[in-house]
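Residue-level structural notes
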Amino acid sequence: MTAAQPTARIAATGRFLPDRVLTNKELEQMVDTTEEWILERTGIVERRIAPAEMGVTEMGARAAQRALAKAEIDARDIDLLIVTTATPDRWLPSTSCEIQARIGAIGKSAAFDLHAACTGFLYALTMAEGHVAGGRADTVLVVAAEKMTSIIDWDDRSTCILFGDGAGAAIVQRSENGEGILASHHRSDGNFADLLERPAGGAANPLDAEALRAKDHLMKMSGREIFKLAVRRMAGAGRQVLRDAGLKGEDVDLLVPHQANIRIIESTARYSRIPMEKVFVNLNRYGNMSSASIPVALDEAVEQGLVGPGSVVLTAAFGAGLTWGAMALRW
Ligand code: UT7
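Throughout what follows, the structure given in this document is the object of discussion.

Procedures and definitions
- Residues numbered from 1 in each chain as written.
- Predicted model: local features only at pLDDT ≥ 70, side-chain atom pairs only at ≥ 80, totals over all residues.
- Heavy atoms only, no water.
- Helix = DSSP H or I, 4+ residues; strand = E, 2+ residues; numbered from the N terminus.
- Rg over C-alpha atoms; globule rule 2.2 N^0.38 Å.
- Buried < 20%, exposed > 50% of the residue type's maximum accessible area, 1.4 Å probe, protein only.
- Contact = heavy atoms within 4.5 Å.
- Areas by Shrake-Rupley, 256 points an atom, 1.4 Å probe, with all protein chains shown as cover.
- Pairing = 2+ DSSP bridges.
- Right-handed = clockwise from strand over helix to strand, strands pointing away.
- Expected span 1.5 Å × (residues − 1).
- Near = heavy atom within 4 Å.
- Polar contact = N/O pair within 3.5 Å; in protein donor to acceptor, adjacent residues only side chain to side chain.
- Nonpolar A, V, L, I, M, F, W, Y, C, P; charged D, E, K, R; others polar.

1. A short note on the overall build of the chain
Of regular secondary structure, the chain possesses eleven helices and 13 strands. Relative to the 2.2 N^0.38 estimate, which gives 20 Å for 331 residues, the radius of gyration of the chain is 19 Å and therefore close to what a compact globule would have. Along the first, second and third principal axes, the C-alpha set of the chain runs to 55 × 45 × 35 Å. Expressed as a percentage of the 331 residues in the chain, the buried residues total 57%. By sequence separation, contacts in the chain at least 24 residues apart represent 76% of the contacts at least 6 residues apart. By element, 50% of the accessible surface of the chain is carried by carbon and sulfur atoms, the whole surface being about 13800 Å².

Right, here's the structure in full:
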């Protein structure tokens, strides 16, 4: 989709990462793996683990409060709160309502959850943009919060090494001086739904003793198949938004990709003709935090001065569903 003139911008970002670090070395003691294998095949060195008593409501609320503080916005002035998570604290009610209460965004705000797995943050930004463009909201809070370690099978070496916990947030408001979302592109293909799933615990396959024994309430992933699809889809989406925004690879100041695997990131950069010096990577420190990866990366990039007023940022993501997408922004 093309936006000739941006209507919505990211006014501020925030993040929260739990303190506890889980290193590759520690994983060597837990499953049949090595530090070297994890680093070479994924680029991950360590990841954060939330304590048992901390869920996504708490992590998401803390990220949201930091974004609100930076934008100097009172939580009561939020018109809409969108939360993306694949790991809600409970199935009912929505995590967005729980975060709404936790941060005191009560008054005029509506709140709902959006589930597009790792692509969720980009989908949510586009929803926020639509609400701002349509005049239905002045201030939208988007929160991406994930406790991936709560759905990991710690005996499965092909998945337990990849994921970590964390939360990111963004405040979306009307564009003022031509800054904001230039173009976005979202797609999904449910034919690949079985490649990354939690088979049990929903309406079709409720939790029972057999499902628990088979660990069907935990994440199952066909990593190699997802890897191949991810490279093609993410790179294609990136190229599409650059075309829609009338930009070339060399116009991009920073590529902020979903942080799943360094080899996927490198391929995406290559296809988009963006050198690795212009690619933001924090996967080594946090692993894959699903939908929280991009907002956490954006917040760090701004803090490190890699993104500032006028910067052109390209983001791209893919995840379960399959879902994928990309977005170009002028900061
Ligand atoms: O956000 C979206 C979420 N999904 C993803 O991001 C997944 C994307 N996929 C990947 O990142 C990669 O496919 C993985 C990192 C999961 C796996 O890397 P790979 O290079 O695709 O390895 P592979 O699955 O082809 O496995 C190669 C070998 C296998 O052994 P054999 O069959 O060749 O003997 C695996 O059993 O590596 C083995 N292996 C491991 N060895 C040591 C798998 N996991 C491990 C491990 N340590 N942790």
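2. Regarding the pairing of strand β4 (residues 80-84)
By the criterion of burial, β4 is predominantly enclosed, with five of the five residues buried. A two-sided burial pattern is seen for β4, the buried positions comprising Leu-80, Ile-82 and Thr-84 on one face and Leu-81 and Val-83 on the other. Bridging between β4 and strand β5 (residues 110-114) involves five bridges; their strand directions are parallel. Along β5, the bridge assignment pairs Leu-81 with Ala-111. Following the backbone out of β4, through helix α4 (residues 95-103) and into the adjacent parallel β5, one traces a crossover that is right-handed.

3. Notes on helix α8 (residues 223-244)
Its 22 residues place the ends of α8 31 Å apart at the C-alpha level, agreeing with the 32 Å of an ideal helix rising 1.5 Å per residue. Two residues or fewer after α8 comes Gly-246, characterised by a positive phi angle close to 70 degrees.

4. Describing the site of the ligand
Surveying the vicinity of the ligand reveals 22 residues, the closest of which are Thr-33, Arg-41, Arg-224, Asn-261 and Asn-288. Between an oxygen atom of the ligand and a side-chain N or O atom of Arg-41, the distance comes to 2.7 Å. Note that an oxygen atom of the ligand is positioned 2.9 Å from one of the side-chain N or O atoms of Arg-157. Considered on its own, the ligand offers 950 Å² of accessible surface; in the complex 75% of this is hidden by protein. With four residues, the single largest contributor to the shell around the ligand is α8. Partitioned by chemical class, the residues of the shell around the ligand number ten nonpolar, seven polar and five charged.

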